[in-house]
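What follows is the residue order along each chain.
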Amino acid sequence: MGPLVVIGDTLLDVDVEGDSGRLCPDAPVPVVDVAAELARPGGAGLAALLAARDGAEVVLVTAIGEDPDGHRLCGLLSEELDLLRLPLSGGTVRKTRVRARGQTLVRLDSGDGLARYAPTDAAMEAVRRAGAVLVSDYGRGVARMARELLHGTDVPVVWDPHPRGEQPMPGCALLTPSEAEARALCPTGWAGPEQAARQLVRKLRARAVAVTTGAHGAALAVEGGPFAHVPPPVQAGGRDACGAGDRFAGAAALALRDGLDVRDAVTIGVGEASRFVERGGAANVKVAEQQLGDRPRTALEVAEFTRANGGRLIATGGCFDLLHAGHVSLLRRARALGDALVVCVNSDDSVRRLKGPQRPVVDVRDRVEVLRALSCVDAVLVFEENTPDRAIALLRPDVWVKGGDYEGEFLPESEVLGRLGAEIVVLSTLPGRSTTNLIREIQ
């Protein structure tokens, strides 16, 4: 099953938390004694983060600036999902809420960043292997390239629109406007969420439209089908609903990816959004910040960063099922050959085609997490094909490393490596260490 690919605008949300028990002497406004400053990704970044915390493999295609707030966003996102950065003109958009005793007193907005139109090979590759796509439009330009990226795709597309954003492309499996967004999209006036959902199915040529109605759930219209009202399973009225729309859209997209019909997907989305608000909404989302600075984390960023700084990029590939000492020895020695190491990993379907229906023992998400935890590995790239040719073409490594068990054999990837002028290095393997042997001993 492919990952959920989220395409959209990511913002930096910051909550300044404190206490307030007095008014300012020179103006009738509360004085907040700051106790903490908590940051998290907003917009598409929040939708992607919450989906990743559901246990899904998530790839976020978004524009992030090269300013301190942009670097901070990378540090908030990179540990929990695959981040594909696009260029941003202007400053990273930041929304700062000043809060006291759980109540928001004021919100300060800054940043004028707009995405530059640049659908990259990496973004196209991510969409190609997607199980579902969520377009999370916050009016900052990333959704503009979604039509090109999604051209010809046959996976479910959920589009969460924005009044200042792009009109959703025809054929989306589900549109998820709020009541305010549906009002802006309806050309003939407002007659309530039910009529708006029906009207938008026709106008935007969508397969289904769910107009979210806050504490009342969602109004769902399906192309050629009956209207349905989807109520929430819990009532969280009066609580902070910030981020509920992102939670709803992400949960519905994951359900469609998993093969559920749109009514069930919307029901799951409404339920998850309601529980999200009941638990405190976005203000309750805690993210451990990584001080990454300029250090890139995705495979393509590692490759670009290494080349830009005159470094030597090393890459290797394999299934890496049941990681053992032989794998670790190979990876350490491979990393010593250059300045960065990217590991290309076969997807689960690819392993099954190569090794048989009983493999892999460990699914790709866990294999990737274990590899990323190794200090000698700078990034991991998953590929769906039987050979890593496409991954190699994207990375353009200076050196491709193979284990000693391939010595003297023809490598299927030799042709693409030759075109790139990459060096092939064969490293000896530790005797007796193999996944096959481990499985045999366990059995």
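Asker: Lay out the overall build of the protein chain in plain terms, naming residues and giving numbers.
Answerer: Assigned secondary structure in the protein chain consists of 15 helices and 20 strands. At 24 Å, the protein chain has a C-alpha radius of gyration in line with the 22 Å of a compact globule built from 443 residues. Considering only C-alpha atoms, the protein chain reaches an extent of 75 × 60 × 45 Å along its principal axes. Among the 443 residues that make up the protein chain, the fraction classed as buried is 54%. Counting contacts in the protein chain only where the partners sit at least 6 residues apart, residues at least 24 apart contribute 67% of the total. Accessible surface, the protein chain: about 19,700 Å² in total, of which carbon and sulfur atoms supply 49%. Here the protein chain holds 51 positive side-chain charges and 59 negative ones, and the gap between their average locations is 2 Å.

Asker: Describe the nonpolar core, and please don't skip the residues or the numbers.
Answerer: As a rule of thumb, soluble globular proteins bury nonpolar side chains together. Counting 60 residues, the largest nonpolar core has Val5, Ile7, Val133, Leu150 and Leu395 as the members making the most contacts within it. Excluding its chain neighbours within four sequence positions, the residues that come into contact with Leu150 are Ile7, Val127, Val133, Val135, Val157 and Met169. Core analysis: the second largest hydrophobic core is formed by 50 residues, Ala48, Ala51, Ala208 and Leu220 among them.

Asker: I'd love a proper account of the pairing of strand β18 (residues 379-383), names of residues and values included.
Answerer: With 5 of 5 residues buried, β18 lies mostly within the body of the structure. Alternating residues of β18 divide into Ala379, Leu381 and Phe383 and Val380 and Val382, and every residue in both groups is buried. With 5 bridges connecting them, strand β17 (residues 340-346) and β18 associate as parallel partners. What sits directly across from Val343, in β18, is Val380.

Asker: Summarise helix α12 (residues 364-372); cite the residues concerned and give the values.
Answerer: For α12, the complete set of buried residues consists of Val364, Arg367, Val368 and Leu371. All buried residues of α12 lie within an arc of 100° about the axis, which places them on one face of the element. Packed against the buried residues of α12 are α10 (325-335), β17, α11 (348-355) and β18.

Asker: Account for helix α6 (residues 193-203), with residues named and values stated.
Answerer: For α6, the complete set of buried residues consists of Ala196, Ala197, Gln199, Leu200 and Val201. Close packing links the buried residues of α6 with α5 (179-185), β13 (208-212) and β14 (218-222). Immediately beyond the C-terminal end of α6, within one or two residues, lies Arg205, with a positive phi of roughly 55°.

Asker: Explain the side chain of Asp246 to me, and be specific about the residues and the numbers.
Answerer: Following the sequence through the fold, Asp246 ends up in helix α7 (residues 244-257). Here Asp246 is buried and forms no salt bridge, its nearest opposite-charge partner Arg40 lying at an N-O distance of 8.5 Å. Reaching out from Asp246, the side chain makes a polar contact with the side chain of Tyr138 at a distance of 2.8 Å. Among residues more than four places away in sequence, those in contact with Asp246 are Gly43, Leu46, Ala47, Ser136, Tyr138 and Asp160.

Asker: For unusual backbone geometry, give the residues involved together with the corresponding values.
Answerer: A cis amide bond, omega 0°, links Arg359 with the succeeding residue Pro360. Topologically, Pro360 is positioned in the loop between α11 and α12. You will see that Phe320, though not glycine, has its phi angle at about 50°, which is positive. Mapped onto the secondary structure, Phe320 falls in the loop between β16 (313-318) and α10. Phe320 sits in the buried class, given a relative accessible area of 6%. Backbone geometry places Arg396, a non-glycine residue, at a positive phi of 55°. Looking at the secondary structure, you find Arg396 in the loop between α13 (389-395) and β19 (399-403).

Asker: I'd love a proper account of the pattern of salt bridges, names of residues and values included.
Answerer: Pairs can form between side chains of opposite charge whenever their charged atoms are close. Throughout the structure, instances matching the rule amount to 32 salt bridges. Two residues, Arg72 and Glu37, come together in a salt bridge whose shortest N-O distance is 3.1 Å. Here Glu37 lies in strand β3 (residues 30-43) and Arg72 lies in helix α2 (residues 68-77), a separation of 35 residues in the sequence. Residue Arg94 is joined to Asp69 by a salt bridge in which the shortest nitrogen-to-oxygen separation is 3.4 Å. Residue Arg94 is found in strand β7 (residues 94-100), and its partner Asp69 is found in helix α2; the two are separated by 25 residues along the sequence.

Asker: Give me the state of the cysteines: which residues, what numbers.
Answerer: The tally for this structure, following the rule as stated, stands at 0 disulfides. Of all cysteine sulfurs, the one in Cys186 lies closest to Cys172, which takes part in no disulfide; the gap is 16 Å. Cys172 gets classed as buried once you look at its relative accessible area, which sits at 1%.

Asker: How would you explain the sheet that holds β7 if you had to name every residue and give the values?
Answerer: Strand order in this open sheet of 4 strands is β3-β2-β7-β8, and the pairing throughout is mixed. Looking at the sheet topology across the chains shown, the edges are occupied by β3 and β8 (103-110). Geometrically, the sheet is characterised by an average inter-axis angle of 20° between neighbouring strands, direction not taken into account. Note that β7 and β8 share 7 bridges and pair antiparallel. Each residue of the ladder has a partner; that of Val98, found in β8, is Val106. Across the sheet, α2 is in contact with β2 (10-23), β3 and β7; its angle to β2 comes to roughly 100°.

Asker: Outline the environment of Ile392, supporting the account with residue identities and numerical values.
Answerer: Tracing the chain through its elements places Ile392 in helix α13. For the pair Ile392 and Leu322, spaced 70 residues apart in sequence, the C-alpha separation works out to 24 Å. Apart from the residues within four sequence positions on either side, Ile392 is in contact with Pro397, Trp400, Glu413, Val416, Leu417 and Leu420.

Asker: Which residues make up the sheet that holds strand β20 (residues 423-427), and what are the values?
Answerer: Strand order in the open sheet made by the 5 strands is β18-β17-β16-β19-β20, with parallel pairing throughout. The open sheet has two edge strands with one neighbour each: β18 and β20. In this sheet, adjacent strand axes meet at a mean angle of 25° when their direction is disregarded. Examined bridge by bridge, β19 and β20 share 5 bridges and lie parallel to one another. Across the sheet, residue Val399 finds its bridge partner in β20, namely Glu423. Contacts from helix α9 (residues 299-308) reach β16, β17 and β18, with the element oriented near 125° to β18. Each of β16, β17, β19 and β20 is contacted by α10, which is oriented at about 140° to β17, the strand it contacts most.

Quick notes on the rules
Residues numbered from 1 in each chain as written. Predicted model: local features only at pLDDT ≥ 70, side-chain atom pairs only at ≥ 80, totals over all residues. Heavy atoms only, no water. Helix = DSSP H or I, 4+ residues; strand = E, 2+ residues; numbered from the N terminus. Rg over C-alpha atoms; globule rule 2.2 N^0.38 Å. Buried < 20%, exposed > 50% of the residue type's maximum accessible area, 1.4 Å probe, protein only. Contact = heavy atoms within 4.5 Å. Areas by Shrake-Rupley, 256 points an atom, 1.4 Å probe, with all protein chains shown as cover. Lys, Arg positive; Asp, Glu negative; His and termini not counted. Charge placed at Lys NZ, Arg CZ, Asp CG, Glu CD. Core = buried A, V, L, I, M, F, W, Y, C linked by side-chain atoms within 4.5 Å. Pairing = 2+ DSSP bridges. Arc of directions from axis to C-beta. Salt bridge = Lys/Arg side-chain N within 4 Å of Asp/Glu carboxyl O. Polar contact = N/O pair within 3.5 Å; in protein donor to acceptor, adjacent residues only side chain to side chain. Disulfide = S-S within 2.5 Å. Axes fitted to C-alpha atoms, helices over the stretch in contact; angles between N-to-C directions.

The values are spatial; any link to function lies outside them.
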